[in-house]
Amino acid sequence: MTDDILKIFNISTTGSGVSTGQHWLPANGAPITSVSPVDNKEIATVKSATREDYDQVVAVAQEAFKVWRTWPAPKRGEIVRQIGEALRGHKEHLGKLVSYEMGKSLQEGYGEVQEMIDICDFAVGLSRQLHGLTMHSERPGHRMYEQWHPLGITGIITAFNFPVAVWSWNTMLAWVCGDVCIWKPSEKTPVTALACQHIAAQVFAANNVPEGVSCLVTGGRETGEWLAHDKRIPLVSATGSTRMGKAVGAAVGERLGRSLLELGGNNAIIITADADLDMALIGAVFGAVGTAGQRCTSTRRLIIHESVYDNFIARLARAYSQLRIGNPLDEHNHVGPLIDRAAVEAYLGAIEQVKQQGGHFVVEGGVLTGPGYESGCYVKPCIAAVENTYDIVQHETFAPILYVMKYQTLEEAIAMQNDVPQGLSSAIMTLNLREAERFLSHAGSDCGIANVNIGTSGAEIGGAFGGEKETGGGRESGSDAWKAYMRRQTNTINYSTSLPLAQGIKFDI
Ligand code: UN1
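All figures in this text were calculated on a predicted structure; none of them were measured in a lab. (Residues numbered from 1 in each chain as written. Predicted model: local features only at pLDDT ≥ 70, side-chain atom pairs only at ≥ 80, totals over all residues.)

Counting secondary structure elements, the protein contains 14 helices and 23 strands. A compact globule built from 509 residues would reach a C-alpha radius of gyration of about 23 Å, and the protein, at 24 Å, matches this within 12%. Overall, the protein is about 80 × 60 × 40 Å in size when its C-alpha atoms are taken along their principal axes. The proportion of buried residues among the 509 residues of the protein is 53%. The contacts of the protein with a sequence gap of at least 6 include a subset with a gap of at least 24, amounting to 73%. (Helix = DSSP H or I, 4+ residues; strand = E, 2+ residues; numbered from the N terminus. Rg over C-alpha atoms; globule rule 2.2 N^0.38 Å. Buried ≥ 20, exposed ≤ 12 C-beta atoms within 10 Å, placed from the backbone. Contact = placed C-beta atoms within 7 Å.)

If you want it as structure tokens, here you go:
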């Protein structure tokens, strides 16, 4: 099914995965084969970067930065605008490729490309709004203000679950900020990355953008380590597991570089006695089974008031019995496969642990077999009644396993919601103003994202995206997240005829 799409993006089934823009290096690293979890078919094999290839890419990026940083920001924005237009033209093909390579539903594949288009639009506007402040100097005849300057090379490490959108959140902002980018995509989804590189290269060629502004280095863990340890890369933005983020954060911190970490979540919805249960049901089911539970914002826990618990669980179970699991390219289906067999093993392992630790399943899980399920990656979304303190509940399992638990008071519910190591997304379902405001207050949710009457997943690009605690503390995408991609410079200018010192210090010579 992908041959036509590969042709559109100029991707050979045995090509290089290393590029500085229009130029593809004859990469000599280990081959990486992308296999679709939809039907277990090989999509393409790409050659990853050797250390030599990598160093060559960094050298080209360094030269490109010297030129790119001098382009006026609105001109850089114009390039991003054209990339947004190209993405609009390719939405169907790229969305399908995302769905096929990653396994998310076609609707979600299109949604992911839409997020890319949206961040392009956002970045275009931003290119005229990289504002600094002016301050009043304490000295007469002085002016003080701040400027935001480009930072240098941004290293971007992305995960398989949003194989292209996360690249665009980082890259489009970094580009309008005057940075150049080196992208290491997930080794599970290299082909969609090649497609993005192709789209960017075409726009760059038409506008004489220097080679090296958009770089791609396909590779495994080692490639990520090169980026993390590399002093030539002032900012490394990494999305993935907490384990990976701790390693990247330590390596970048050791050289006093900057890291922007977007790691695991353990997201809960509190469903109060005053919730609109119809809305709560949609939010909970989409949050838990969308992308087969493989979003960092997926709903992992429902904290339900005891007075509505039995009723809501019965409704959830009915909704789960109607879920259609199967080929994600068939829009009839709600849930596609997990990314690979290792993910299926992790899902089965978590189910075992739930049972061992005392939980019981109100909707049973299991691996699906038979026609249409030959890849072995299709699993049943399941629901387990648990205690929040179970070790397995404290961990993020990237699979459609939903934990449910009861509460009596809102204080107790908020404490349970916060009592996990992660702090990405959270939500409350209530029509009660006091409950909603308490949840959003300084004594409420401790997460980077806190929603009212919306589920935990599906954040818009206009807000800053990221979370606290083991989620890593970084913020990507909207609001003022752009500041992470620039360096701030404070400028004080003396237009008087004397040189008074700050703090009133006298120093006569
Ligand atoms: C992720 O899973 O890494 O909020 C990102 C959401 C999406 C992004 C998820 N906009 O669910």
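Turning our attention to unusual backbone geometry. Of note in this structure, Lys469 is not a glycine but carries a positive phi near 55°. Summarising the element assignment, Lys469 is placed in strand β21 (residues 468-469).

Our next topic: the confidence of the model for the protein. Atomic detail in the predicted coordinates should be set aside for any region of low pLDDT. Looking at the protein, pLDDT values average 97 and 100% of them are 70 or higher. Among the prediction metrics, the complex's ipTM stands at 0.97, with pTM recorded as 0.97. (pLDDT = per-residue confidence, 0-100.)

In this section: the sheet that holds strand β23 (residues 486-494). Remark on secondary structure: sheet strands pair via backbone hydrogen bonds, oriented parallel or antiparallel. Across the sheet, three strands lie side by side as β5-β6-β23; this open sheet has antiparallel pairing. Each of the sheet's edge strands pairs with one partner strand only, and the pair in question is β5 (134-135) and β23. Pairing of strand β6 (residues 142-150) with β23, which is carried by nine bridges, proceeds in the antiparallel orientation. By the bridge assignment, Pro150 is partnered in β23 with Met486. (Pairing = 2+ DSSP bridges.)

Look at the UniProt record and you will see "domain: Aldehyde dehydrogenase" (unreviewed entry) annotated at residues 24-490. In residues 24-490, helix accounts for 40% and strand for 20%; the two terminal C-alpha atoms are 40 Å from one another. (UniProt positions renumbered as here; feature names shortened; annotations may be inferred.)

Let us look at the domain arrangement of the protein. Splitting the protein by domain gives domain 1 (2-263 + 472-489) and domain 2 (267-461). Of note, the centres of domain 1 and domain 2, computed from C-alpha atoms alone, are 30 Å apart. Taken together, the contact between domain 1 and domain 2 spans 24 residues of the former and 20 residues of the latter. Listing elements by their share of the side of domain 1 that touches domain 2, those giving two or more residues are α3 (73-102) and α4 (106-126). Considered class by class, the residues forming the side of domain 1 that touches domain 2 number nine nonpolar, eight polar and seven charged. (Domains from an automatic or database assignment. Nonpolar A, V, L, I, M, F, W, Y, C, P; charged D, E, K, R; others polar.)

The UniProt entry lists Glu262 under the feature "active site" (unreviewed entry), expressed in the numbering used here. Along the chain, Glu262 falls in strand β11 (residues 258-262). Contact partners of Glu262, with chain neighbours within four places excluded, come to Thr239, Gly466, Gly472, Gly474 and Glu476.

Every buried residue of helix α13 (residues 410-418) is accounted for by Leu410, Ala413, Ile414, Met416 and Gln417. On an axial view of α13, the arc spanned by its buried residues comes to 160°, and they lie on one face. Set apart from the buried face of α13 by more than 90 degrees, the exposed residues are Glu411 and Glu412. Where α13 is buried, its residues meet β12 (267-271), β13 (299-305), β16 (401-407), β18 (425-429) and α14 (433-440). (Arc of directions from axis to C-beta.)

So, on to the site of the ligand. As a matter of local geometry, the ligand sits amid Glu115, Asn161, Phe162, Val166, Thr239, Arg295, Cys296, Thr297, Ser457, Gly458 and Ala459. Both of domain 1 (2-263 + 472-489) and domain 2 (267-461) provide at least three residues apiece to the shell around the ligand. (Near = placed C-beta within 6 Å.)

It is the contact of helix α9 (residues 277-289) with helix α10 (residues 306-321), at a shortest axis distance of 11 Å, that shows an interaxial angle of 50°. Comparing their axes, α10 and α9 come out oblique. In the packing of α9 onto α10, the handedness of the crossing is right-handed. Contact residues: α9 offers Leu277, Leu281, Ala284 and Val285, while α10 offers Val308, Phe312, Arg315, Leu316 and Ala319. (Axes fitted to C-alpha atoms, helices over the stretch in contact; angles between N-to-C directions. Parallel < 35°, antiparallel > 145°, perpendicular 65-115°, else oblique. Left-handed = near helix turned anticlockwise from the far one by under 90°.)

In this section: the nonpolar core. If you look at the biggest cluster of nonpolar residues, it comprises 146 residues, and the most contacted ones within it are Ala61, Cys120, Ala123, Leu173 and Ile182. If you count residues domain by domain, this core takes at least three from each of domain 1 (2-263 + 472-489) and domain 2 (267-461). Ignoring anything within four residues of it in the chain, the contact list for Ala61 reads Ile153, Val180, Ile182, Gly212 and Cys215. In this structure, Leu424, Cys447, Ile449 and Ala459 belong to the second largest nonpolar core, which totals six residues. (Core = buried A, V, L, I, M, F, W, Y, C linked by C-beta atoms within 7 Å.)

To continue, consider the packing of α3 against helix α6 (residues 190-206). One way to put it is that α3 packs onto α6 with a least axis distance of 10 Å and a crossing angle of 160°. As far as their axial angle goes, α6 and α3 are roughly antiparallel. Between α3 and α6 the crossing geometry is right-handed. For the pair formed by α3 and α6, the contact residues are Ile79, Gln82, Ile83, Ala86, Leu87, His90, Leu94, Leu97, Val98 and Glu101 on the first element and Val191, Thr192, Ala195, Ile199, Ala200, Gln202 and Val203 on the second.

Tracing the sequence through the fold places Ala343 in helix α11 (residues 341-356). C-alpha of Ala343 to C-alpha of Gln294: the two residues are 49 residues apart in sequence and 9.8 Å apart in space. The residues contacting Ala343, other than those within four sequence positions of it, are Leu338, Phe398 and Ala399.

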